[in-house]
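Reading the structure
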Amino acid sequence: MVPVRQDVRVRRFLQIVVGVVTAAAVALAVVSFITVRRSFPDTSGTVRLDGVDGTVRIVRDAKGIPQVYADDPDDLFFAQGYVQAQDRFYEMDFRRHVTSGRLAELVGDGALETDEFVRTLGWRRVAEQEYRELDDGTKTLLRSYARGVNAYIEGKSGSQLSLEYTVLSLTGPDYRPEPWTPADSVAWIKAMAWDLRSNMSDEIERTLLASSDLTREQVEQLYPEYPRQNATIVGDAGTVEDGAFEAEPADDASAESAPDLGRSAVASLTRASRAARRLPALLGTGDGIGSNSWVVDGSRSSTGKPILANDPHLAPSMPGIWYQVGLHCNQVTAACPYDVAGFSFAGMPGVVVGHNRSIAWGVTTMYADVADLYLEKVAGDTYEYRGRRLPVVTRQETFKVAGGKSKTITVRSTRHGPILSDLDDDIEDVGRAGGGDHEVALRWTALTPRPTIKAVFALGRAQDWDEFREAAKLFTVPSQNLVYADRKGHIGYQSPGAIPIRSRGDGRWPVPGWDGRHEWTGYVPFDELPSVLDPSDGFIVTANNKVIGDQYPYVLGADTAPGYRSQRIRDLLTGHEGKLSVADMTRLQLDESNPLAPQLVPLLQAISLDDAFDRQGQDVLRGWDFQQDADSAAAAYFNVVWRHLLKGTFADQLPEGHRPNGGERWFQVVSTILKDPGSPWWDDVRTPGVVERRDDVLAQAMREARNELTAKQARDPDDWSWGRLHRLELVNPTLGESGIGLVESIFNRGPYEVGGGSGLVNATGWDAREGYEVTAVPSMRMVVDLDDLDRSRWIQLTGNSGHAYHANYLDQAPLWAEGKTLPWAFGERAVERSAENTLTLEPTRG
C-alpha cells in the first residue's frame, strides 16, 4: 500500500516559497531555539478537556510512539485524534488541502493544476457522500477522532502547531487552520486509492505506443504476460463453484486487442496522461510502489505459531507516511472491543496494518484493475452513446488562491465519469474528424461511495478468520492483498475489493464509450474472490504478483508485478535450513539479490573488451554474489551498466516520455530479448546501414558505465560503491522543495547511502530515466510473532514526530537505513516498562 519524495512535475508546483523574499530567508537564519520548539507538544502531565468522558492515559516510549488507554471507544479515538494532531498536524492539513482540491489556498497558484485535477475527480464530494451513508456507529467514531484533533488545535495559531506554518507566515498573516471534520479523514482514502489504482498509466502508455511507429507485437513485448516460472499467490488451480471460491479449473478470461485510434483520440489520451502526472503522488507511483507480505505457520516457525512480515513500498518523505500507535480499551468488552497496535495514517483513525490481541494482518497492493478509460465522441455539449446524443453533465468549481485571484473552471462528465482530457491545454486539438472530438473519461471504483473506512475499525476488532473476512469484505477501495495470521495457529489470504466485471475486454486498453459494448456489468462477488486458509505448504507470499492463474473466471488485473520478488521470497522460505525465527524473517526483508544478474552477468563477462581500462570495470563482476549491498562495487557497476543498457536498447525506438524506468517489468522485458542476440530491439535505428546486435549494446553499456563511475566516484574500481550512487533523501513535500536552500535544510534530512534496488526484496526503487537516487522505499517494516506479541518488531522510515528538530523527527531513520528494527511493546506491562512519558486527559467537569 500503502506512503513522499515528489517527482519533477510535482516539484514544479511545490515551489511554494519562491515568493518568499530574501529578507524572509535571512530571518529564518536567526529563528531562535524557542521558535523552533514552540510547536513541540506536551507529552506528560494532565490536560483537562471538553470531549472526553473519562480518564485517558497516553503512554509514550523513547521513540514517541503513543499507546492510548481509555474506557470506551469514543475516548479512545478522541485521544488518537489528539495525539496525531500533536505530532503531525501540518501533514494532516496539507493532505486535506490536497484531497479537497484546495492546496492553492495554502501555498498559492503553483498548486492550481493539482487542485483542478482533484476537483475534476471529485474526491471530496465522494468522501462527503460516503460519510453521509455510513452507519451511526462509524460516524460516531469519526466524529470522536475529529473532536480530538480539534481539542488540540483549538485556540492555537499555525506557528503553535508546526514550524512549517511559521515559515509560511513570514510572507503574510499567521495561518489559523480550520476545524477538522470526519470527511477530512474519509477523503484520505481517495488519495490512497488513486496512488494504488493499478494500471491506468500503463493503459494510456500502451495505447500511445501502439499508435506510434511500433508494431502491436513490439508493444506486447514491452508489456509481457506473467512469467510462468513465477508462482501466483494462491496457485493455479482455484476457480469459482456455486458462488464460492474453490480449487477447480475453469476457462480463460477473454482479452481485447488495442483499439485503432485517430489523431484526436491520441491527443486526448496524451492530455489525460499529462494531467494525471501533475497530481502529487502522496504514496508514490510507478514500478517501485508495491509491498512484500508473507506469513509462515507453526510448522515452519521456531515458535510453533505463525510469524507474519510486511513492508509496504511507497515514496519516501519527511516525515514518513506512517504513524505508529496503540489503541487499548482498559477492559476489552463488546462495548469497548479494541486492543490493537500498528501503523496508521495521520488524519485517519484506527490502525491500517498491524495486530490486535488475537490476529495480525499485512497488506500489499493487489494491482486489481479498477479503472477504465473511455474514449468519448463529444460535440459541443453532447456526446454519443448507443446512437443517441446525451447531454454532457457540467458543474462549476471555484478555486481560492493564496496571494492571487480566484479561478473558476467547468468540469464535464459523461455517464462513464469525469473527462480528464479537459485538464491539459498544452496540446492543440488535432484531427477533429467528422466535426467531433474524442475526449477521455475515467470510470473508477473510488468515485462511487464505498465504506472502506469501516474496514479499518472492523480489522482492529476482528478476533478470528471469519471476523477478519467480514472486515475484508468492507475493504472495497483500494483493492489490497490481505495476509492473515492468528494466535490459534491459522494463516490465510484474502483478495478484497470492488473489482469490476467487464462485458468485453480485460481492461488493458482504453475502450470506445459510444457503442455501449464495454460497460461494467457488476462487481466480482466477495465470496468468489480468491481466498486461502491454512495452505498445505505452510506459508503464503504476496509481493504484488499475480493472484491466481488464468483458469480463474474473472479478470482481476492484467498488469501485476512479474513475480521476481515473490518468487525470491518463496525460494528463501523453502530453502531455509531449520525453523524460521523473527530474526530470520527480518533478515529476509533485507535480501538484496538482483533477479536479472544471474542471467546478465555471464553475458557481460563473456564479452571481450579491447581496452584494459574498460576491462577493469568488467572485472569487478568476478565472484559477485548478485547482492546489491550499499558498499558493493560490483552492484554499482552492474546498475550503471543496466541503466546504459536500457538507454542503448530502447532510446532509439521509444518516445522520451515512454522510456524504461528500469523497474521489475523491465527485468522481464530484457530477460526475454537477452535470449535473442539478433532481436530488432538491439539494433539502433538511428544508424542506417549498421545492424547492432546484443553484444554490441552490452559492450557499449560497459564502456559507458566505466566512464561514468570513474567520473563520479573513482578511477580505481575498488573505490566504487552502490550506496554512494543510490542515496536516499528525506524531503518535506512542501517546504522541502522550495528552492531555498536554508528553508530546505530546516525540514529535509539525509542523504543516506543504502543498498537494495528496484525489483528486489529490499525494494529501494530508483528511476533509470533520472539517475540512481532512491524513489521508493520499504516505508515501514514489521514482523509479528503470534506466539508472543511482545517479541514482535517494527520500524518506520523517519520517526513518529512531524516537528523538525524534535527528538522523534528522525530517530528511526538511521536504524531503518541499517536494516534494524525496534522492539514492539504491546501488552500493558511491556508498554509500562518502555514508558518515557505519560499524558493524562481528564474531562473538564469534576
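Keep in mind it's a predicted model, so treat the numbers as computed, not measured.

Remarks on the overall build of the chain
- Helix and strand counts for the chain stand at 27 helices and 33 strands.
- For the chain, the residues scored as buried account for 63% of the 846 residues in total.
- Within the structure as shown, the chain displays about 30,500 Å² of accessible surface, and the carbon and sulfur contribution to it stands at 46%.

Details of the sheet that holds strand β17 (residues 417-418)
- Strand order in the open sheet made by the three strands is β15-β16-β17, with antiparallel pairing throughout. Two strands lie at the open edges of the sheet, namely β15 (393-399) and β17, each paired on one side alone.
- Lying on the sheet, helix α6 (residues 112-121) is in contact with β15, β16 (407-414) and β17; it crosses β15 at an angle near 145°.

Focus on the state of the cysteines
- One pass over the structure, following the stated rule, counts one disulfide.
- Two residues share a disulfide in this structure: Cys329 and Cys336, whose sulfurs sit 2.0 Å from each other. Its S-S torsion of approximately -85° makes the covalent link between Cys329 and Cys336 left-handed.
- The exposure class assigned to Cys336 is buried, which follows from its relative accessible area of 1%.

Here's the deal with the pairing of strand β26 (residues 727-730)
- Residues of β26 alternate between two faces, with Leu728 and Leu730 buried on one and Arg727 and Glu729 left unburied on the opposite face.
- Here β26 pairs with strand β27 (residues 749-753) via three bridges, running antiparallel. Bridged to Leu728 within β27 is Tyr752.

Let's talk about helix α12 (residues 200-210)
- Burial within α12 is extensive, with nine of its 11 residues counted as buried.
- For α12, the set of buried residues is Met200, Glu203, Ile204, Glu205, Arg206, Thr207, Leu208, Leu209 and Ala210.

Considerations on the sheet that holds strand β20 (residues 491-494)
- The strand order across the open sheet built from 11 strands is β1-β33-β2-β3-β8-β9-β10-β11-β19-β20-β24, with neighbouring strands paired in mixed fashion. Either end of the sheet is taken by a strand with one partner, and the two such strands are β1 (45-49) and β24 (531-533). Taking each pair of neighbouring strands and ignoring which way they run, the sheet shows an average axis angle of 15°.
- Of the pairings in the sheet, the one linking strand β10 (residues 353-356) to strand β11 (residues 359-365) comprises two bridges and is antiparallel in character. Considered in β11, the bridge of Gly354 is made with Trp361.

Topic: the side chain of Asp614
- Inspection of the secondary structure assignment puts Asp614 in helix α20 (residues 612-618).
- The buried charged residue Asp614 lacks any salt bridge, with Arg703 as its nearest oppositely charged partner at 4.9 Å.
- Ignoring any residue separated from it by four or fewer positions in sequence, one finds Asp614 in contact with Leu609, Arg703 and Arg706.

Some points on the pattern of salt bridges
- Taken as a whole and assessed by the stated rule, the structure comprises 43 salt bridges.
- The partner of Glu178 in a salt bridge is Arg102, with the nearest N and O atoms 2.6 Å apart. One end of the pair, Glu178, is in the loop between α10 (163-168) and α11 (182-195); the other, Arg102, is in the loop between α4 (73-99) and α5 (103-107), with 76 residues separating them in the sequence.
- Measuring nitrogen to oxygen at the nearest pair gives 4.0 Å for the salt bridge that ties Asp527 to Arg469. Of the two residues, Asp527 sits in the loop between β23 (520-523) and β24 while Arg469 sits in helix α16 (residues 465-474), which places them 58 residues apart along the sequence.
- We classify Arg469 as buried; its relative accessible area is 19%.
- When salt bridges with common partners are traced through the structure, they connect Asp93, Arg96, Arg124, Glu128 and Asp184 into a single cluster.

Thoughts on the packing of aromatic side chains
- Within the structure shown, the criterion is met by 28 aromatic pairs.
- Geometrically, the ring pair formed by Phe117 and Trp194 is edge-to-face, given 5.3 Å between the ring centres and 65° between the ring planes. Note that Phe117 is positioned in helix α6 and Trp194 in helix α11, a separation of 77 residues in sequence. The same class applies to Phe117 and to Trp194, which are both buried.
- On the basis of an interplanar angle of 75° and a centroid distance of 6.3 Å, the ring pair of Phe343 and Trp824 is categorised as edge-to-face. In this pair, Phe343 sits in strand β9 (residues 339-344) while Trp824 sits in the loop between β32 (822-823) and α27 (828-833), placing the two residues 481 residues apart along the sequence. When sorted by exposure, Phe343 lands in the same class as Trp824, which is buried.
- The ring of Tyr131 has Lys139 sitting right over it, with the charged end atom 5.7 Å from the ring centre.

With respect to helix α19 (residues 597-605)
- Those residues of α19 not exposed but buried are Ala597, Leu600, Val601 and Leu604. In a view along the axis of α19, the buried residues occupy a sector of 100°, so they form one face of it.
- On its buried side, α19 packs onto α20, α21 (633-650), α22 (664-674) and α23 (694-712).

Some details on the environment of Thr232
- Here Thr232 shows up in the loop between α13 (216-222) and β4 (239-241).
- Look at Thr232 and you get buried, because its relative accessible area is 6%.
- Non-local contacts of Thr232, meaning those with residues more than four positions away in its chain, are made with Tyr226, Asn545, Lys546, Val547, Ile548, Gly549 and Arg570.
- Within polar-contact distance, the side chain of Thr232 engages the side chain of Asp236 at 3.4 Å.

Points about unusual backbone geometry
- The amide bond that connects Met318 to the next residue, Pro319, takes the cis arrangement and shows omega of 0°.
- Among the structural elements, Pro319 can be located in the loop between β7 (307-314) and β8 (323-329).
- At the junction of Gly750 and Pro751, the peptide bond is cis and its omega measures out at 10° in the coordinates.
- Of note, Phe626 is a non-glycine position whose phi angle comes to about 75°, a positive value.
- Locating Phe626 in the fold gives a position in the loop between α20 and α21.

The rules behind each value
Residues numbered from 1 in each chain as written. Predicted model: local features only at pLDDT ≥ 70, side-chain atom pairs only at ≥ 80, totals over all residues. Heavy atoms only, no water. Helix = DSSP H or I, 4+ residues; strand = E, 2+ residues; numbered from the N terminus. Buried < 20%, exposed > 50% of the residue type's maximum accessible area, 1.4 Å probe, protein only. Areas by Shrake-Rupley, 256 points an atom, 1.4 Å probe, with all protein chains shown as cover. Pairing = 2+ DSSP bridges. Contact = heavy atoms within 4.5 Å. Axes fitted to C-alpha atoms, helices over the stretch in contact; angles between N-to-C directions. Disulfide = S-S within 2.5 Å. Lys, Arg positive; Asp, Glu negative; His and termini not counted. Salt bridge = Lys/Arg side-chain N within 4 Å of Asp/Glu carboxyl O. Phe/Tyr/Trp six-rings, centres within 6.5 Å; stacked < 30°, edge-to-face > 60°. Lys NZ or Arg CZ within 6 Å of the ring centre and 35° of its normal. Arc of directions from axis to C-beta. Polar contact = N/O pair within 3.5 Å; in protein donor to acceptor, adjacent residues only side chain to side chain.

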